[in-house]
Amino acid sequence: MWYYEKKLQYPVKVSTCNPMLAKFLIEQYGGADGELAAALRYMNQRYTLPDKVVGLLTDVATEEFSHLEMIATMIYKLTKDATPQQLKEAGIGDYYVNHDKALFYQNAAGVPFTASYIQAKGDPIADLYEDIAAEEKARATYQWIIDLSDDPDLNDSLIFLREREIIHSQRFREAVELLKEDGNTKKIF
């Protein structure tokens with residue numbers, strides 16, 4: 001059970017309307033290495049991981065949902081005042097035609113979200129290494145978006161998200177070491 005507090009995990013500010021940055025952020029909303037894929041991956045994997053790490057997966061999955069909410073807020077703020085022409089010039093005219101300014105789970109190239117993004121092997125070590133890789137790919141994507149952004153307010157929130165990906169990767173690395181030390185690397189079923 002969750003307790004939902006009606007505020008973002010970290011404040012989201014945007015300096016100007018910028019549909020191009022919104023397009024890039026759509027990758028972290030519904031892309032293979034984005035927040036939705038991570039949250040669903042960890043929620044799913046926790047059923048076949050040893051009890052010692054189930055809480056970690058639940059905690060990180062829940063935080064990923066809060067990151068998804070932050071990304072949605074960023075996209076909304078970046079496109080709120082955009083004209084259809086600005087959206088078209090940013091390369092998301094087709095997105096606008098299909099969804100107006102509503103959010104839709106797809107990557108920055110327009111490919112819809114798919115369950116194939118959610119990896120689960122049922123082997124604790126394989127799954128945790130997959131999770132480490134997922135966090136590192138998300139970290140890299142955040143860095144590349146920061147590199148493309150000239151919005152210091154938006155970058156502040158993106159830096160927060162990038163740093164959280166690093167922390168998640170570290171926690172998953174610690175979980176691998178914990179399971180290896182215990183010799184508890186077998187499935188729980």
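Thresholds applied
- Residues numbered from 1 in each chain as written.
- Predicted model: local features only at pLDDT ≥ 70, side-chain atom pairs only at ≥ 80, totals over all residues.
- Heavy atoms only, no water.
- Helix = DSSP H or I, 4+ residues; strand = E, 2+ residues; numbered from the N terminus.
- Contact = heavy atoms within 4.5 Å.
- UniProt positions renumbered as here; feature names shortened; annotations may be inferred.
- 1 Å grid on protein atoms, 1.4 Å probe; cavity = no way out; pocket = protein on both sides within 12 Å on 5 of 7 lines; lining within 4 Å.
- Points joined across faces, edges and corners; volume = space filled by probe spheres on them.
- Nonpolar A, V, L, I, M, F, W, Y, C, P; charged D, E, K, R; others polar.
- Phe/Tyr/Trp six-rings, centres within 6.5 Å; stacked < 30°, edge-to-face > 60°.
- Buried < 20%, exposed > 50% of the residue type's maximum accessible area, 1.4 Å probe, protein only.
- Axes fitted to C-alpha atoms, helices over the stretch in contact; angles between N-to-C directions.
- Parallel < 35°, antiparallel > 145°, perpendicular 65-115°, else oblique.
- Left-handed = near helix turned anticlockwise from the far one by under 90°.
- Salt bridge = Lys/Arg side-chain N within 4 Å of Asp/Glu carboxyl O.

**Student:** Explain the side chain of arginine 162 to me, using residue names and the numbers behind them.
**Tutor:** Within the secondary structure, arginine 162 sits in helix α7 (residues 152-182). Those residues in contact with arginine 162 that lie beyond four places of it in its chain are Arg139, Tyr142, Gln143 and Ile146.

**Student:** Quick rundown of the UniProt feature "binding site: Mn(2+)" (unreviewed entry) in the protein? Include the residues and the values.
**Tutor:** The feature "binding site: Mn(2+)" (unreviewed entry), as annotated in UniProt, sits at Glu35, Glu64, His67, Glu135 and His168 in this numbering. For the residues just named, distributed over 134 residues, the greatest C-alpha separation is only 12.6 Å, placing them together at one site. Checking the named residues against the second largest cavity, the ones that line it are Glu35, Glu64 and Glu135. For histidine 67, the position within the fold is in helix α3 (residues 51-79). Among the secondary structure elements, glutamate 135 is positioned in helix α6 (residues 124-148).

**Student:** Tell me what's going on with the layout of surface pockets, and back it up with residues and numbers.
**Tutor:** By volume, the largest pocket amounts to about 330 Å³. Lining the largest pocket are 12 residues, with Tyr3, Tyr4, Glu5, Thr62 and Ser66 positioned closest to its centre. Looking at the lining of the largest pocket residue by residue, the classes come out as five nonpolar, three polar and four charged.

**Student:** Could you give me a rundown of the packing of aromatic side chains, with the residues and numbers involved?
**Tutor:** Scanning the model with the defined rule gives five aromatic pairs in all. Both rings, one in tyrosine 10 and one in phenylalanine 160, keep their centres 4.3 Å apart while their planes meet at 10 degrees; by these two values the pair is stacked. Of this pair, tyrosine 10 sits in the segment before α1 (19-30) while phenylalanine 160 sits in helix α7; the two residues are 150 residues apart in sequence, bridging distant segments of the chain. By relative accessible area, which is 23% here, tyrosine 10 ends up partly exposed. A connected cluster of aromatic rings, assembled from ring pairs, spans Tyr29, Tyr105, Phe113 and Tyr117.

**Student:** Describe empty space enclosed by the protein, with residues and values.
**Tutor:** Scanning all chains against the criterion turns up two cavities of 30 Å³ or more. What the largest cavity holds in volume is close to 60 Å³. If you trace the largest cavity, you find it lined by Ala22, Ile26, Ile75, Thr79, Leu87, Ile92, Tyr95, Tyr96, Asp100 and Lys101. Taken together, the residues of the lining of the largest cavity break down into seven nonpolar, one polar and two charged. Contributing to the lining of the second largest cavity are Asp33, Gly34, Glu35, Ala38, Tyr42, Glu64, Ala134, Glu135, Ala138 and Glu165. Broken down by secondary-structure element, the contributors of at least two residues to the lining of the second largest cavity are α2 (35-45) and α6. Per-class residue counts for the lining of the second largest cavity are four nonpolar, one polar and five charged.

**Student:** How would you summarise α2 if you had to cite specific residues and measurements?
**Tutor:** Residues spaced three or four apart along an α-helix face the same direction, because each turn holds 3.6 residues. By the criterion of burial, α2 is predominantly enclosed, with nine of the 11 residues buried. Within α2, burial applies to Glu35, Leu36, Ala37, Ala38, Ala39, Arg41, Tyr42, Met43 and Gln45. Buried residues belonging to α2 abut α1, α3, α6 and α7.

**Student:** Talk me through the packing of α1 against α3; I want residue IDs and the actual numbers.
**Tutor:** Taken N-terminus to C-terminus, the directions of α1 and α3 make an angle of 160 degrees; their axes are 9 Å apart at the nearest point. The angle between the axes of α1 and α3 places the two elements in the roughly antiparallel class. Between α1 and α3 lies a crossing whose hand is left-handed. On α3, the residues touching Pro19, Leu21, Ala22, Leu25, Ile26, Gln28 and Tyr29 of α1 are Leu68, Ile71, Ala72, Met74, Ile75, Leu78 and Thr79.

**Student:** Any details on the pattern of salt bridges? Residues and values, ideally.
**Tutor:** Counted by the stated rule, this structure contains eight salt bridges. A salt bridge links aspartate 33 to lysine 137, with the nearest nitrogen and oxygen atoms 3.6 Å apart. Remark: lysine 137 occurs in helix α6 and aspartate 33 occurs in the loop between α1 and α2; sequence separation between them is 104 residues. By relative accessible area, aspartate 33 is classed as partly exposed at 23%. Note on lysine 137: relative accessible area 38%, which makes it partly exposed.

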